[in-house]
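Each chain, letter by letter, is given below.
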Amino acid sequence: MRIQKRSVLKAGLATSMLALSVTGFAQQKTVTFANQDMLVPLRLVMESGEVEKETGYKINWRMFSGGGDVIRAMASGDVQMGEVGSSPLTAAASQGQDLKLFWISADIANAEALVARDGGGITSFKSMEGKRIGVPFVSTAHYQLIAALGKEGVDARKVNVMNMRPPEIAAAWERGDIDGTFVWDPVLAKVKQKGKVIATSGSIAQMGYPTFEGIAVNAKFAQENPAFMAAFAKALNRASAQVRDNLASWTPDSPEIKAIAKWSKADPKDVPAAMALYRFPSAEEQLSAQWLEGGAAKAMSNTASFLKSQGRIQEVRPDYAAFVTDSYVKKTVGR
């Protein structure tokens, strides 16, 4: 009887341990992140798997062709986090989407540019009337293109501005279907080979129209998963510092460059020079009036006015600060 009781006890313990194991797997949280092809420090976080190791969460990385696609995926509930430019982010906020910008992944600086095809007849903004310009609509590039045309006194309605995602721009450029494009790397590096830069995001920012790349999160998800959010912000800060400190010495053969190229579908030889066109703010810089503590919301407000003029949104909100949070970055610096 004792042997039988022991067998029953062992069987019961085994069943209990199995149940606990299954419960543990069932309780593992999964996050879906919508990434794009920009050359930013986030790619090193994706490669290292450090957030998953630190938190135990499983992250599904899903690549999208543009910020508009990312925002739609987040609105559907299928995606909890994503990287978006300031223009699609503003469109989503203006329409009341429940999201928060929590990290500036890049000051775009000179990393987006208006490039005119060699022999296409474009030498300035004023010579763009009647020309075919490919740009992803509602992107930061689209915003700056239209804003700069207006600043230069060019009626944007007289320019054939065509809605194209970056891969479509690359294909159209090769076929000779467009005269110019406003785009970012890795496509930017390709079009520069047979084109001339007319303006950059940095030069247009100096006209009064700054843009940025950011990482947004569903507000409810962020509120319910603060430890995960803090770990993610910490990883982003580490990767950004790594890029700032080492980019100048990295070569196309460096493991870090290869990783960034892999996740961005870029050519490693183009990555160092392309990344040098961006600025990657530190956690302390994020927590400044330029970015999460005022500047980002102001840039969104200006962008919203543009989007409304284009019929992309119905109204401009009185304040965009509600769609920006600095709480997770503060935790990375012990505030």
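Residues numbered from 1 in each chain as written. Predicted model: local features only at pLDDT ≥ 70, side-chain atom pairs only at ≥ 80, totals over all residues. Heavy atoms only, no water.

How would you explain the pattern of salt bridges if you had to name every residue and give the values?
Applying the stated rule across the entire model yields 15 salt bridges. Note that arginine 132 is salt-bridged to aspartate 179, the shortest N-O span being 3.1 Å. With arginine 132 in strand β6 (residues 132-135) and aspartate 179 in the loop between α7 (166-175) and β8 (180-184), this pair connects stretches of sequence that are 47 residues apart. Its relative accessible area of 30% is what places arginine 132 among the partly exposed residues. Residue aspartate 179 is classed as buried on the basis of its relative accessible area of 10%. (Salt bridge = Lys/Arg side-chain N within 4 Å of Asp/Glu carboxyl O. Helix = DSSP H or I, 4+ residues; strand = E, 2+ residues; numbered from the N terminus. Buried < 20%, exposed > 50% of the residue type's maximum accessible area, 1.4 Å probe, protein only.)

Describe unusual backbone geometry, with residues and values.
Geometrically, the link from aspartate 185 to proline 186 is a cis peptide bond, its omega value of 10 degrees lying close to zero. Tracing the chain through its elements places proline 186 in the loop between β8 and α8 (187-192). In the Ramachandran plot, alanine 109 falls in the positive-phi region, its phi being about 50 degrees despite a non-glycine side chain. As for its position among the elements, alanine 109 is in the loop between β4 (99-107) and β5 (112-117). In this model, lysine 265 sits at a positive phi of 60 degrees, which is unusual for a non-glycine residue. Examined against the element boundaries, lysine 265 turns out to sit in the loop between α12 (255-264) and α13 (271-275). When its relative accessible area of 62% is taken as the criterion, lysine 265 is described as exposed.

I'd love a proper account of the sheet that holds β4, names of residues and values included.
Strand pairing in a sheet takes place through backbone hydrogen bonds and is either antiparallel or parallel in direction. Read across the sheet, 5 strands follow the order β2-β1-β3-β10-β4 without closing on themselves; strand pairing throughout is mixed. With partners counted over all chains shown, the strands left at the sheet margins are β2 (58-63) and β4, one partner each. Each strand of the sheet is rotated relative to its neighbour by a mean of 25 degrees, with strand direction disregarded. Summarising the sheet, strand β3 (residues 81-85) and strand β10 (residues 212-218) pair through 5 bridges and their orientation is antiparallel. Note that in β10 the partner of glutamate 83 across the bridge is isoleucine 215. Its contacts with the sheet put helix α5 (residues 86-94) on β3, β4 and β10, and the angle it makes with β3 is roughly 115 degrees. (Pairing = 2+ DSSP bridges. Axes fitted to C-alpha atoms, helices over the stretch in contact; angles between N-to-C directions. Contact = heavy atoms within 4.5 Å.)

How would you explain the sheet that holds β6 if you had to name every residue and give the values?
With mixed pairing, 5 strands are arranged side by side in an open sheet as β7-β6-β8-β5-β9. With partners counted over all chains shown, the strands left at the sheet margins are β7 (160-163) and β9 (195-200), one partner each. Between one strand and the next, the sheet's axes are offset by a mean angle of 25 degrees, whatever the strand orientation.

Tell me about the packing of α5 against helix α15 (residues 295-309), and please be specific about residues and values.
With their axes 9 Å apart at the nearest point, α5 and α15 run at an angle of 80 degrees to one another. Taken together, the axes of α5 and α15 are roughly perpendicular relative to one another. Across the interface between the two elements, Ser86, Ser87, Leu89, Thr90, Ala91, Ala93 and Ser94 from α5 touch Met300, Thr303, Ala304 and Leu307 from α15. (Parallel < 35°, antiparallel > 145°, perpendicular 65-115°, else oblique.)

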